Amino acid sequence: DAGVIQSPRHEVTEMGQEVTLRCKPISGHNSLFWYRQTMMRGLELLIYFNNNVPIDDSGMPEDRFSAKMPNASFSTLKIQPSEPRDSAVYFCASRRDRPNTEAFFGQGTRLTVV
Amino acid sequence: RKEVEQDPGPFNVPEGATVAFNCTYSNSASQSFFWYRQDCRKEPKLLMSVYSSGNEDGRFTAQLNRASQYISLLIRDSKLSDSATYLCVVNPTYSSASKIIFGSGTRLSIRP
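Residues numbered from 1 in each chain as written. Chains lettered and ligands numbered in written order. Predicted model: local features only at pLDDT ≥ 70, side-chain atom pairs only at ≥ 80, totals over all residues. Heavy atoms only, no water.

**Thoughts on the confidence of the model for chain B**
Scored by pLDDT, chain B has a mean of 91; 96% of the residues are at 70 or more. Mean pLDDT across the elements of chain B bottoms out in strand β10 (residues 101-102) of chain B (89) and peaks in strand β8 (residues 70-75) of chain B (96). (pLDDT = per-residue confidence, 0-100. Helix = DSSP H or I, 4+ residues; strand = E, 2+ residues; numbered from the N terminus.)

Given below as structure tokens:
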């Protein structure tokens, strides 16, 4: 299995532009998570899906952030318009719905908004 | 209060030393616990699960204390390659289809 695949690996964009991050979870995994990591705030859960349905989006910082999961093999996180404070590493993770099963992470997207 | 709290460190210890980290969680109903390791500029990866009876994997030992709501990680005979950030992870509900909360991580640096 190729693991969780995220794209792009790096993104540099200007303030005000729209940014779309993509994630392909591991096949057969029911839950998908989007995290943001910064030095100041650590690893924050933004939103998670179960069976393609958003379950908890309370971590989404504001309306500029949105996430979708149109099918079991694809999810997007969109920021529109982007701001410099959105600069961070964004991780996607997936797991199978069994007790005591771990989540597997993608390699992350390093976003820089200038 | 944060759902999962860790001492951020850094812990700077000599090679061969024993080092221990604790992590506290706020939800007494939490069911699943893990330790992850994250290397610089890499994604977090599972180090070990934490079972109620405690578990050991080579030089690593994980313990769960439900009464005091904390988990611990002990590293014996530390190696240079153990230098990383260690993340405490909690599944705060019994449902297997639930969110996973990460602590902010404890940085460990092993010196020669």
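**Here's the deal with the side chain of B:Ser32**
Structurally, B:Ser32 is set in strand β4 (residues 32-38). With sequence-adjacent residues up to four places away left out, B:Ser32 is seen in contact with A:Asn100, B:Val89, B:Val90 and B:Asn91. (Contact = heavy atoms within 4.5 Å.)

**Examining the sheet that holds strand β3 (residues 19-24) of chain A**
Residue and element names in this part refer to chain A. Taken in spatial order, the 4 strands make up an open sheet running β1-β3-β8-β7, and their pairing is antiparallel. Bordering the open sheet on either side are β1 (5-7) and β7 (65-71), each of which pairs with just one other strand. Along the sheet, successive strands turn relative to each other by an average axial angle of 15°, direction set aside. Here 5 bridges tie β3 to strand β8 (residues 74-79), and the two strands are oriented antiparallel to one another. What sits directly across from Val 19, in β8, is Ile 79. (Pairing = 2+ DSSP bridges. Axes fitted to C-alpha atoms, helices over the stretch in contact; angles between N-to-C directions.)

**What about the sheet that holds strand β6 (residues 55-57) of chain B?**
All names here are of chain B. The strand order β1-β3-β8-β7-β6 describes an open sheet built from 5 strands, whose pairing is antiparallel. The sheet terminates laterally at β1 (4-6) and β6, the two strands that pair on one side only. For this sheet the average axis-to-axis angle between neighbouring strands, irrespective of direction, equals 20°.

**Details of the environment of B:Ala17**
All names here are of chain B. Its location among the elements puts Ala 17 in the loop between β2 (11-14) and β3 (19-25). On the basis of relative accessibility, which here comes to 18%, the residue Ala 17 falls in the buried class. Separated by 83 residues in sequence, Ala 17 and Ile 100 have C-alpha atoms that sit 31 Å apart. (Buried < 20%, exposed > 50% of the residue type's maximum accessible area, 1.4 Å probe, protein only.)

**Observations concerning the interface of chain A and chain B**
Facing 22 residues of chain A, the contacting portion of chain B comprises 19 residues. Three residues stand out in chain A for area buried against chain B, namely A:Leu43, A:Asn100 and A:Phe105, and they jointly supply 26% of the buried area on that side. Along the contact surface separating chain A from chain B lie 1 salt bridge. Between A:Asp56 and B:Lys99 there is a salt bridge; the shortest N-O distance is 3.4 Å. Inspection of the chain A/chain B interface yields 5 residue pairs in polar contact (both at pLDDT 80 or more). Broken down by secondary-structure element, the contributors of at least two residues to the side of chain A that touches chain B are β4 (31-38), β5 (42-50) and β9 (88-95) of chain A. Tallied by class, residues from the side of chain A that touches chain B come to 9 nonpolar, 7 polar and 6 charged. (Buried area = accessible area lost by both parts, 1.4 Å probe. Salt bridge = Lys/Arg side-chain N within 4 Å of Asp/Glu carboxyl O. Polar contact = N/O pair within 3.5 Å; in protein donor to acceptor, adjacent residues only side chain to side chain. Nonpolar A, V, L, I, M, F, W, Y, C, P; charged D, E, K, R; others polar.)

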